[in-house]
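Understanding the architecture of this molecule
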Amino acid sequence: MQKVAIVTGGSRGIGRAIVETLARKGINVIANYNQSEEKAKQLQENLGKENIHIDIIKADVSKREEVKKMVDMVIKKYGKIDVLINNAGISQEKLFQDITDDDWEHVMKVNLYSAFCATQEVLPYMLSQKRGCIINISSIYGIIGGSCAVAYSATKAGMDGMTKALAKELGPSNIRVNSIAPGCIDTDMNKQYTEEDMNQVKEETPLERIGKPEDIAKCAMWLVEDTFTTGQVISINGGWGII
Ligand code: NAP
């Protein structure tokens, strides 16, 4: 049977590109969405025109009961989960002094707790198969830090820490855990920036362009197929922020 993969936040942006790439490679993909129901349905319909089936499941991944329900549905249909891609996330731009407790808690829940929660829920199935691949979509900001993005950067650094620790814990069970830390990628997340801002990023990027969601999807596909990479934080960034 083909591999089964859950992609959180698979309705648009990077998650959508990952869903398309994996599904076109014959993987049974479950695209999770929360608010973008129309976009998720459209994605399902578009891939259907290529004779590719994907499942779409609504779940707010910052809530354990919804994650658990989603995982139960996947197990009921496919009986296994081979790949989990923790992609869902939100940005938060604020001066450090202006971050409230609610702001902090919200970004932690959506970006970091969601990955903890989804990983815990799929793990029993991966452990019983003695096989699994977990990919956390973190961010270059978790490595170099983003000004006015302290909470966001902390969630992404937290994800990378989780990746490394869990890779050590789960390696003997043949479960690989890696992070992909994107640089600046052309998605809705960066819509608030002006053309001038984006041009500045381009100028600071050795490869002289903004990344595309497909750039991240290619790396995710490679990690799914690979068998000897674990505990790594792979930053796909065109050279932006080389340290
Ligand atoms: P995006 O276009 O804004 O998409 C965000 C995705 O996350 C959407 O599919 C959204 O689903 C989902 N999401 C948000 N909250 C959710 C929740 N509570 N439950 C389930 N899904 C939720 O952003 P993107 O650029 O594709 O970002 C994807 C990941 O890459 C994020 O983790 C982000 O931090 C990371 N990243 C992005 C960049 C960049 O430059 N774009 C750089 C570094 C890292 P709905 O619309 O259905 O709610």
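Conventions and cut-offs
- Residues numbered from 1 in each chain as written.
- Predicted model: local features only at pLDDT ≥ 70, side-chain atom pairs only at ≥ 80, totals over all residues.
- Heavy atoms only, no water.
- Near = heavy atom within 4 Å.
- Areas by Shrake-Rupley, 256 points an atom, 1.4 Å probe, with all protein chains shown as cover.
- Helix = DSSP H or I, 4+ residues; strand = E, 2+ residues; numbered from the N terminus.
- Nonpolar A, V, L, I, M, F, W, Y, C, P; charged D, E, K, R; others polar.
- Phe/Tyr/Trp six-rings, centres within 6.5 Å; stacked < 30°, edge-to-face > 60°.
- Buried < 20%, exposed > 50% of the residue type's maximum accessible area, 1.4 Å probe, protein only.
- Contact = heavy atoms within 4.5 Å.

1. Brief notes about the site of the ligand
Not every one of the 30 residues close to the ligand is listed here, only the nearest: Arg12, Ser36, Asn87, Tyr152 and Thr187. Within the complex, 95% of the 880 Å² of free accessible area of the ligand lies under protein. Those elements giving two or more residues to the shell around the ligand turn out to be helix H1 (13–24), strand E2 (28–33) and helix H6 (150–170). Here the shell around the ligand is composed, by residue class, of twelve nonpolar, 14 polar and four charged.

2. Notes on the packing of aromatic side chains
Tallied over the full model, the rule gives three aromatic pairs. Note on Tyr113 and Phe116: the rings are 5.8 Å apart at their centroids and 50° apart in plane angle, and the pair reads as tilted. In this pair, Tyr113 and Phe116 both sit in helix H4 (residues 101–129), three residues apart, roughly one turn of the helix. Overall, Tyr113 belongs to the partly exposed group, its relative accessible area being 24%. Judged by relative accessible area, Phe116 falls into the partly exposed class, the value being 35%.

3. Regarding the side chain of Asp215
For Asp215, the position within the fold is in helix H8 (residues 213–225). Looking at Asp215, the relative accessible area reads 15%, which means it is buried. Sequence-distant contacts of Asp215, defined by excluding residues within four places in its chain, comprise Arg209 and Ile236.

4. Points about the environment of Glu208
Within the fold, Glu208 resides in the loop between helix H7 (195–204) and H8. On the basis of relative accessibility, which here comes to 63%, the residue Glu208 falls in the exposed class. For the pair formed by Glu208 and Met126, sequence separation is 82 residues and the distance between their alpha carbons is 40 Å.

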